[in-house]
Amino acid sequence: MPRRIPELHKAAIFDVDGTLLDSVDLHALAWHEAMVKFGHDAGFEQVRGQIGKGGDKLIPYFLSEDAQRDHGKEMEEWRGKRFKTEYLPLVRPFSAVPDLLRRVRHGGLRIAVASSAKKDELEKYLDIAGIAGLIDVTTCSDDVEESKPASDIFEAVLKKLGLEGPDAVAIGDTPFDAEGAGKAKIATIGVLCGGFTEDSLRQAGCVQVYPGPAALLACFGDSLLAK
């Protein structure tokens, strides 16, 4: 059977934390503080390197199965409250985020969000970024069994959009975004504003890499979003 070649991409699927919002360090702080509070020796940089995963993937990276059973859920709940009270008010969007999404929409693509955040957090993020009215479809960790780098969240987005993987482009800041999207046969554009290196993003499967949303907007015509 011949390989299917899409005429043009039909949708852009955006990650949020570290891609549209400058929030990675704040999430890492909340997780680091939670680890310390519950007696785990996990440094800030170690934790930061795992941001982009949902709690279902991040916690097992640091906690044994016994520790997860004993206080994993309590620790995740403490982290969530800590982030909302102390750090959520500090989250800001990267420059040109609404302009980029408007350009995507003007190019005829539908816009989706695939985030490892919880549903209530995601709704706040879209308001902070000023893009709630520009999104056609949202998915979050509450919608799937496994978070990134599993493909669940991307497959859920595709189902909501009624599209196949090659019809869409993912935009994310972590190797976990690229790995999950790749498993769903979605090409990924990487952005460096979340703190991961270009090499790590390309090794995970990113086809193109830009410094951030503003650079992607400036180079829109040469990006996968215009093809």
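Quick notes on the rules
Residues numbered from 1 in each chain as written. Predicted model: local features only at pLDDT ≥ 70, side-chain atom pairs only at ≥ 80, totals over all residues. Heavy atoms only, no water. Salt bridge = Lys/Arg side-chain N within 4 Å of Asp/Glu carboxyl O. Helix = DSSP H or I, 4+ residues; strand = E, 2+ residues; numbered from the N terminus. Buried < 20%, exposed > 50% of the residue type's maximum accessible area, 1.4 Å probe, protein only.

Caption draft 1: Focus on the pattern of salt bridges. Counted by the stated rule, this structure contains 13 salt bridges. Of the charged contacts in the structure, one is a salt bridge between Asp25 and Arg48, with a shortest N-O distance of 2.5 Å. In this pair, Asp25 is assigned in helix 1 (residues 24-37) and Arg48 in helix 2 (residues 44-48), connecting sequence segments 23 residues apart. Classification of Arg48 by relative accessible area gives buried; the value is 17%. For Asp120, the salt bridge goes to Lys84, with nearest N and O atoms at 2.6 Å. You can see Asp120 sitting in helix 6 (residues 119-129) and its partner Lys84 sitting in helix 4 (residues 65-87), a full 36 residues away along the chain. Judged by relative accessible area, Lys84 falls into the partly exposed class, the value being 36%. Among the ionic contacts, a cluster of salt bridges with common partners joins Asp15, Lys148 and Asp177.

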